[in-house]
Amino acid sequence: MDIKKICIIGAGIMGHGIAQLVATHGYDVNLVDVNDEVLNKAKASIEKSLNRFFVAKNKITAEEAEKILDRISLNVNRDDAVKDVQMGIEAVFEDITLKQQLFSELDAICDKDVILASNTSSLSITDIAIKSKNPDRIVGIHFFNPAPVMRLIELIKGKNTSDEVLKTSKKFSESLNKTVVTVNDAPGFVTTRLIYVLCNEAANMKMEGIASTEDIDIACKLAFNFPMGPLELSDLVGNDIYLHIGEYLEKEFGDKYKPCPILKEMVDKNLLGRKSKKGFYEY
Ligand code: CAA
């Protein structure tokens, strides 16, 4: 099946980043969220990113940026927004019950050949599909923040994902100029299981007073040639997201994934990172 139009559910950091990425590669997008305020903010962020990272650097023209924006329609009515699409990508909060409900509703209203993808960073695709009648069309397409620039897509095959759906999803992901790795369903997949351990251990070291926030990050960047230190990265992804991932991985795999207590304290104080303007650093 030819994918031309995609519905993205959830216009947060990942949702609008994915919308920008896919619209840049010529797909039409229906971007859905609960109200106009969230949607308008998302579109303003996309416009800012296109101007700052692409037009200002002569990677695209102002006219091309305009066309990309025109390909993105905003919609508060999810059921309308999925009517004429060939793929739905979910990028809502990392809550298994919420995602199971969402996928069973999408499965009930979308045409049979529409692919339904989750951008979950850790939750089992098989579990997400558990309430859906057609779990064969449900797949994990895991993007990385910032979605327009990161080079990888992690494709996750749930227990019931069909080979056909996996193949089309791979082709679609490659059309976005990304390298694709395919992973069997397991909590945290490959990437989140690895990066969570690094970021959580950095938070433990900060809690133990082993080094300052800055020095932990500098050590990691210069010793290993990482583009960002783990605490900076935790702020970029969201400390709430890492707490959630940690709680899930601890439940699935045991104590070695236990989230650092300061992550919980920070989330309680709304120190979520860049999105709340304060986390390990101030923005
Ligand atoms: N959108 C588009 N392009 C961007 C961008 C953005 N938000 N931010 C930076 N760029 C581009 C810049 O324009 C620049 O391009 P050129 O080299 O062509 O000029 C390039 O990226 C490098 O940018 P900078 O020099 O300004 O800054 P940098 O070298 O520090 O790069 C970064 C910024 C790309 C974000 C880099 O720091 C990085 O890769 N950080 C790690 C990010 C990461 O690990 N993300 C994954 C998180 S885990 C996740 O997302 C999964 C999950 O589900 C939890």
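As the structure is a prediction and not an experimental result, all values here were calculated from the model.

## Regarding the pattern of salt bridges
If charged atoms from side chains of opposite charge come close, those side chains can pair.
Item 1. All told, the structure shown has 16 salt bridges when counted by the stated rule.
Item 2. Arginine 78 is paired through a salt bridge with aspartate 79; the nearest N and O atoms lie 3.1 Å apart.
Item 3. For arginine 78, a relative accessible area of 19% translates into the label buried.
Item 4. Since its relative accessible area comes to 37%, aspartate 79 is described here as partly exposed.

## Focus: the sheet that holds strand S8 (residues 179-184)
Across a sheet, strands are paired by hydrogen bonds formed along the backbone, either parallel or antiparallel in direction.
Item 1. Across the sheet, which stays open at both edges, the eight strands sit in the order S3-S2-S1-S4-S5-S6-S7-S8 with mixed pairing between neighbours. Strands at the two margins of the open sheet, each flanked by one partner only, are strand S3 (72-75) and S8. On average, each strand axis in the sheet is tilted by 25° relative to the strand beside it, whichever way the strands run.
Item 2. Pairing geometry for strand S4 (residues 87-90) and strand S5 (residues 115-118), over four bridges, is parallel. Its bridge partner being in S5, glutamate 90 is matched across the sheet by serine 118.
Item 3. Of the strands in this sheet, strand S1 (5-9), S4, S5 and strand S6 (138-142) touch helix H5 (residues 96-109), which is tilted by about 170° from S5.
Item 4. Of the strands in this sheet, S1, S4, S5, S6, strand S7 (152-157) and S8 touch helix H7 (residues 163-175), which is tilted by about 175° from S7.

## A short note on the site of the ligand
Item 1. Contacts to the ligand come from 16 residues, most closely from Lys57, Lys59, Ser121, His142 and Asn145.
Item 2. Contact between the ligand and asparagine 145: a nitrogen atom at 2.8 Å from a main-chain N or O atom of the residue.
Item 3. For the ligand, the accessible surface in isolation is 1000 Å², of which the surrounding protein chains cover 65%.
Item 4. The biggest single contributor to the shell around the ligand is helix H2 (residues 36-55), with three residues.
Item 5. Its residues placed into classes, the shell around the ligand shows ten nonpolar, four polar and two charged.
Item 6. Shared between two domains, the shell around the ligand takes at least three residues from each, and those domains are domain 1 (5-184) and domain 2 (191-276).

## Focus: the pairing of S4
Item 1. Burial of the side chains of S4 extends over both faces: Met87 and Ile89 are buried on one face and Gly88 and Glu90 on the other.
Item 2. Of the pairings in the sheet, the one linking S1 to S4 comprises four bridges and is parallel in character. Across the sheet, the residue bridging to isoleucine 9 is glutamate 90, located in S4.

## Thoughts on the domain arrangement of the protein
Item 1. Here the protein is described as being made up of domain 1 (5-184) and domain 2 (191-276).
Item 2. Between domain 1 and domain 2, the C-alpha centre-to-centre distance is 26 Å.
Item 3. Contacts between the two partners involve 13 residues from domain 1 and, on the opposite side, nine residues from domain 2.
Item 4. In terms of surface lost to domain 2, no three residues of domain 1 exceed Phe93, Ser122 and Asn145, which account for 39% of the buried area on that side.
Item 5. Where domain 1 packs against domain 2, one counts zero salt bridges.
Item 6. There are five residue pairs in polar contact (both at pLDDT 80 or more) connecting domain 1 and domain 2.
Item 7. Residues belonging to the side of domain 1 that touches domain 2 are distributed by class as follows: five nonpolar, five polar and three charged.

## Details of unusual backbone geometry
The phi angle of most residues is negative, glycine excepted, and most peptide bonds adopt the trans form.
Item 1. A cis amide bond links asparagine 145 to the next residue, proline 146, at an omega of 0°.
Item 2. Positioned with a positive phi, asparagine 58 is a non-glycine residue whose angle comes to about 55°.
Item 3. Looking at the element boundaries, asparagine 58 is found in the loop between H2 and helix H3 (62-70).
Item 4. Unlike most non-glycine residues, asparagine 225 shows phi in positive territory, near 60°.
Item 5. Summarising the element assignment, asparagine 225 is placed in the loop between helix H9 (213-224) and helix H10 (230-237).

## Quick word on the packing of helix H1 (residues 13-24) against H2
Item 1. Their axes nearest at 10 Å, the elements H1 and H2 cross at an angle of 55°. In terms of orientation, H1 lies oblique with respect to H2. As H1 packs across H2, the resulting crossing turns out to be right-handed. Between H1 and H2, the residues in contact are His16, Ala19, Gln20 and Thr24 and Ala42, Ser45, Ile46, Ser49, Leu50 and Phe54, respectively.
Item 2. Counted by class, the contact of H1 with H2 contains five nonpolar, five polar and no charged residues.

Criteria and cut-off values
- Residues numbered from 1 in each chain as written.
- Predicted model: local features only at pLDDT ≥ 70, side-chain atom pairs only at ≥ 80, totals over all residues.
- Heavy atoms only, no water.
- Salt bridge = Lys/Arg side-chain N within 4 Å of Asp/Glu carboxyl O.
- Buried < 20%, exposed > 50% of the residue type's maximum accessible area, 1.4 Å probe, protein only.
- Pairing = 2+ DSSP bridges.
- Helix = DSSP H or I, 4+ residues; strand = E, 2+ residues; numbered from the N terminus.
- Axes fitted to C-alpha atoms, helices over the stretch in contact; angles between N-to-C directions.
- Contact = heavy atoms within 4.5 Å.
- Near = heavy atom within 4 Å.
- Polar contact = N/O pair within 3.5 Å; in protein donor to acceptor, adjacent residues only side chain to side chain.
- Areas by Shrake-Rupley, 256 points an atom, 1.4 Å probe, with all protein chains shown as cover.
- Nonpolar A, V, L, I, M, F, W, Y, C, P; charged D, E, K, R; others polar.
- Domains from an automatic or database assignment.
- Buried area = accessible area lost by both parts, 1.4 Å probe.
- Parallel < 35°, antiparallel > 145°, perpendicular 65-115°, else oblique.
- Left-handed = near helix turned anticlockwise from the far one by under 90°.

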